Every structure is written in structure tokens, then in C-alpha cells.
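# What the coordinates show
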Amino acid sequence: MNTQRQEKLIQNNVDLSSYSTYEIGGKAKYLAAPGTIEELKTVLEYARQNELAPFLFGMGSNILFPDEPMEKMIFISLKELKETNIDEKGWFVSAGMPMSHLALIGLASGTSDYDFCFLLPGTVGAGVYMNAKYYNRQICDILDTALYIDMNDPEFKVQSIHVDTCDYSYKNSIFMKNNWTIVGAYIKHPNFEELSKGIKEISRLEKIVDYKNPSELPNFFKYYTTMAETWAKENNGQVPESFENVVKDRGSKFHFDYPSCGSVFKNNYDFGEPMGKVVDRLNMRGTVRGGASISAWHGNMIVNQGEAKAEDIVHLIDQVKKSVKEAFDFVPEEELIIVQSKS
Ligand SMILES: Cc1cc2nc3c(=O)[nH]c(=O)nc-3n(C[C@H](O)[C@H](O)[C@H](O)COP(=O)(O)OP(=O)(O)OC[C@H]3O[C@@H](n4cnc5c(N)ncnc54)[C@H](O)[C@@H]3O)c2cc1C
């Protein structure tokens, strides 16, 4: 493996805070954002040769990075893997494509199948990994086949798995039980002729609308609402009601006003009430720790009010877990991924 090629892909001492919608995280000694699967393999090879633990992620919208990252960890964001095309197997989408992009392509190709992805932060790879959902629609409804690399494979071969064998359930999948990295997916579509037009249409709009770091939530919101409005204007139509409802729903919970990672805990369906309501019963909204607080608008969100540290968020998580255990006799499970810190 060409060392120069490898080193060109690796950046050193990078602030993880700009790779997370929490805008929290210390400096990573090693970070890479490969733009192709070949580059990803080169980075993985580098990690193996240098005995670095790879931490793979997408847009950082469900991650709490540590204030002091481990020195022997290499952080690999797949958010630059953003290819989409139609080939002989179907509609291929790379792992780093934002899920919200699927909603736009659906809009431009005449289907509402992906409307639930509109303004759902994060990448397709992560959505496939944890079966991202919005109300009663989830990624496994639209997935046909996932492409992944088994991180234990000496050759890092790309393998495929059909949705029926991915063991999907609520926020769970076969990927979460294995050391597999999703590099892309084949997504179902009802009409490939329309899809082809829709992909071209959205890629043309991408050149007009200004794109900034989507890990900053206001940028993410502005970009996708502007894309939808631009499409609607050009097509002499209205932004669909389903998109507007998402804007209202997420807007009412102030999803894009403060750095956060969305819901912190998974719902406990055995208990019978969503975690937001459980936290409300304990009157914990607004509880502050350092620069972090439990959102005043949604009990299952902890927001960064500006200068929060990872330890502030972890403290509030522990406080909720302890209070819920005492009051309702169960310990809520985190949805948020907390990355291990140096100490
Ligand atoms: C304001 C807000 C609202 C949200 N609303 C929702 C919602 O309605 N529904 C919902 O489901 N989620 C929601 N989320 C959470 C988030 O959108 C999802 O968890 C999303 O799937 C995360 O995507 P990501 O690319 O940012 O993943 P990251 O945060 O980068 O990674 C999350 C996890 O996935 C793993 N991972 C990422 N990419 C890959 C890959 N290619 N292969 C294998 N593993 C991978 C990472 O290792 C990590 O463990 C919300 C978040 C925010 C900030």
C-alpha cells in the first residue's frame, strides 16, 4: 500500500466538534473523510498497519464525541461518500448520502415513499445501521439490499445483504451486532424512469443551492428547506404538505435551534409511554449541568447551550437514568452513541 496515498487521506489534530451536531468533542489525533470506497479501504489499511482503532461514523447526529479522544483511535467519517446512480441491480446510494436527500429525490421523481426522511438528520449508512425512523416509517421499509465491509475481513471486501436478513426491529439491526461498516445501499423505487429524471433534477439543484457543513443543524435545516422550496418554485407547485408538516413538527420541538443529537434514549415500549413523557413526569425539562440542559421543549432531548462538554451531557444522562430507575423501576437505554474517552 502506497504510504503517501494513505497519508494524504489522514488529517491530524482535528476538532471533532465540527463533525457532530452536538458541536462537542476534543481534538482527534487522526481523522479521515474518504470520498470513495477505495479511499475508505486505504484508510482502513492505514489503521490496521498503525494499530489504530477505527471509529466509523456519518454526519455525527447521533454521537457524543469525548472531550479527550483516545490517541490510538482514527475517526472515519463517511459523509463524503455521496454517490447515487442506477445500475443493473437497482438504485444505488452511497453510505454518506444524507437521508434527507432521498426525500428530495422522491419529490422530484413523483413518490412520497421517502417523505419521512425529510429533515431526518444523518446519513443513509447510519440510517441502515440503526433503522432510523420517523413515526411509523423506518429505513427498513425502503431498503432493498445493504452493502457492507466486515472490519475483520483481511481484504475489506464489499459484501451484500438483503433487507429480509438484516434482523430489523425498533432501532436495531444485524449491523449493530457485528463489526460491519455499511458503504452503500440499494433503495427500492416504484418507477426507475421517473427516478432517473429525479436524480438528475436534484443534482442540478445541488449546484444552485449553497451547501455548508450539515453537521451544524441550522445549515442542515436551511439547505433542505431551500432545496425543497427551489424545486417547488421551478415546478410551479407547492412544497408538499407532508414536508411542511415535518417542518412544523420538528420546529415545534426546536430540533434545529440548538446543537443536539435528537432523542437521547430509546423508547421503552414495555413501559408504554415515550421517553419524552417519562422525563416530563419527573419534571426534569430545563435541568442544567454546565453548558448542557434537558431541552425545555422535549424531555428526551439534551441540548448544548453553547459551551457544553461531553461530561455535562453524560452527567445529565446519568441523572435521568437514576431518576427513572427510582420512579419507574427501569433503566432507560441510550439511543445516543457515547464514544469512549482517553481516560
Ligand atoms: C435534531 C435531530 C433529530 C433527530 N430525529 C431523529 C428521528 O426522528 N428518527 C431517528 O431515527 N433519528 C433521529 N435523530 C438521530 C439521527 O438522525 C439518526 O440516528 C441518524 O441515523 C444518525 O446518522 P449519522 O450519519 O449522523 O450517524 P452518526 O451519528 O455519525 O453515527 C451514529 C452511529 O451509527 C454508526 N454508523 C454511522 N454510519 C455508519 C455506517 N456507514 N456503517 C456502520 N455504522 C455506521 C456510528 O458508528 C454510530 O454508532 C435525530 C437527530 C437530531 C440531531
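First, a word on what this report is: a plain description of the structure on this page. None of the values given here were measured: they were computed from a predicted structure. (Residues numbered from 1 in each chain as written. Predicted model: local features only at pLDDT ≥ 70, side-chain atom pairs only at ≥ 80, totals over all residues. Heavy atoms only, no water.)

### Comments concerning the site of the ligand
Inspection of the region around the ligand gives 34 residues, with Leu56, Ser61, Pro121, Thr123 and Lys133 positioned closest. Contacts to the ligand include leucine 56, whose backbone N or O atom sits 2.6 Å from an oxygen atom. Serine 61 is positioned with one of its side-chain polar atoms (N or O) 2.6 Å from an oxygen atom of the ligand. For the ligand, the accessible surface in isolation is 980 Å², of which the surrounding protein chains cover 95%. Mapped by element, the contributors of at least two residues to the shell around the ligand are β3 (53–57), α4 (124–130), β8 (133–134) and β12 (180–187). (Near = heavy atom within 4 Å. Polar contact = N/O pair within 3.5 Å; in protein donor to acceptor, adjacent residues only side chain to side chain. Areas by Shrake-Rupley, 256 points an atom, 1.4 Å probe, with all protein chains shown as cover. Helix = DSSP H or I, 4+ residues; strand = E, 2+ residues; numbered from the N terminus.)

### Observations regarding the packing of helix α5 (residues 192–206) against helix α6 (residues 217–234)
In the contact formed by α5 and α6, the axes pass within 11 Å of each other and the chain directions differ by 115°. Crossing hand, α5 versus α6: right-handed. Residue-level inspection shows Glu201, Ile202, Arg204, Leu205 and Glu206 of α5 in contact with α6, the latter providing Tyr223, Met227, Thr230, Trp231 and Glu234. Partitioning the contact of α5 with α6 into residue classes produces five nonpolar, one polar and four charged. (Axes fitted to C-alpha atoms, helices over the stretch in contact; angles between N-to-C directions. Left-handed = near helix turned anticlockwise from the far one by under 90°. Contact = heavy atoms within 4.5 Å. Nonpolar A, V, L, I, M, F, W, Y, C, P; charged D, E, K, R; others polar.)

### Observations regarding the environment of serine 263
As for its position among the elements, serine 263 is in the loop between α7 (241–252) and α8 (275–281). On the basis of relative accessibility, which here comes to 28%, the residue serine 263 falls in the partly exposed class. On a C-alpha basis, the gap between serine 263 and lysine 342 in space is 25 Å, while along the polypeptide they are 79 residues apart. Not counting residues up to four positions away in its chain, the partners in contact with serine 263 are Asn62, Asn300, Met301, Glu335 and Leu336. (Buried < 20%, exposed > 50% of the residue type's maximum accessible area, 1.4 Å probe, protein only.)

### What to know about the pattern of salt bridges
According to the stated counting rule, one finds 18 salt bridges in the structure shown. Lysine 321 serves as the salt-bridge partner of glutamate 334, at 2.8 Å between the closest nitrogen and oxygen. Of this pair, glutamate 334 sits in the loop between α9 (310–328) and β16 (337–338) while lysine 321 sits in helix α9, and the two are 13 residues apart along the sequence. Residues lysine 322 and glutamate 326 are paired through a salt bridge, measuring 3.8 Å at the closest nitrogen-oxygen approach. Here glutamate 326 and lysine 322 lie together in helix α9, a separation of four residues that amounts to about one turn. For the residue pair lysine 322 and glutamate 326, the accessibility class agrees, reading exposed in each case. In the salt-bridge network here, residues are joined through shared partners; they are Glu68, Glu71 and Lys342. (Salt bridge = Lys/Arg side-chain N within 4 Å of Asp/Glu carboxyl O.)

### What to know about the packing of aromatic side chains
Working definition: an aromatic ring pair is given by the centre-to-centre distance plus the angle between the planes. On inspection of all chains with the given rule, the structure shows 23 aromatic pairs. With 5.3 Å between their ring centres and 55° between their planes, phenylalanine 220 and tyrosine 224 make a pair best called tilted. Highlighted residues: phenylalanine 220 and tyrosine 224, both in helix α6, separated by four residues, approximately one helical turn. Among the residues examined, tyrosine 224 registers a relative accessible area of 1% and is labelled buried. On the basis of an interplanar angle of 55° and a centroid distance of 5.2 Å, the ring pair of phenylalanine 271 and phenylalanine 328 is categorised as tilted. Of this pair, phenylalanine 271 sits in the loop between α7 and α8 while phenylalanine 328 sits in helix α9; the two residues are 57 residues apart in sequence, bridging distant segments of the chain. Each residue in the set Tyr211, Phe220, Phe221, Tyr223, Tyr224 and Phe256 is aromatic and connected to the rest through ring pairs, giving one cluster. (Phe/Tyr/Trp six-rings, centres within 6.5 Å; stacked < 30°, edge-to-face > 60°.)

### Quick look at the state of the cysteines
Put plainly, two cysteines are in a disulfide when a covalent bond ties their sulfur atoms together. Enumeration over the complete set of coordinates arrives at zero disulfides. Summary of cysteine pairing: cysteine 117 is not part of a disulfide, and the nearest cysteine sulfur, belonging to cysteine 140, is at 11 Å. Cysteine 117 gets classed as buried once you look at its relative accessible area, which sits at 0%. Not part of a disulfide, cysteine 166 finds its nearest cysteine sulfur in cysteine 140, a span of 9.0 Å. With relative accessibility at 0%, the residue cysteine 166 sits in the buried group. (Disulfide = S-S within 2.5 Å.)

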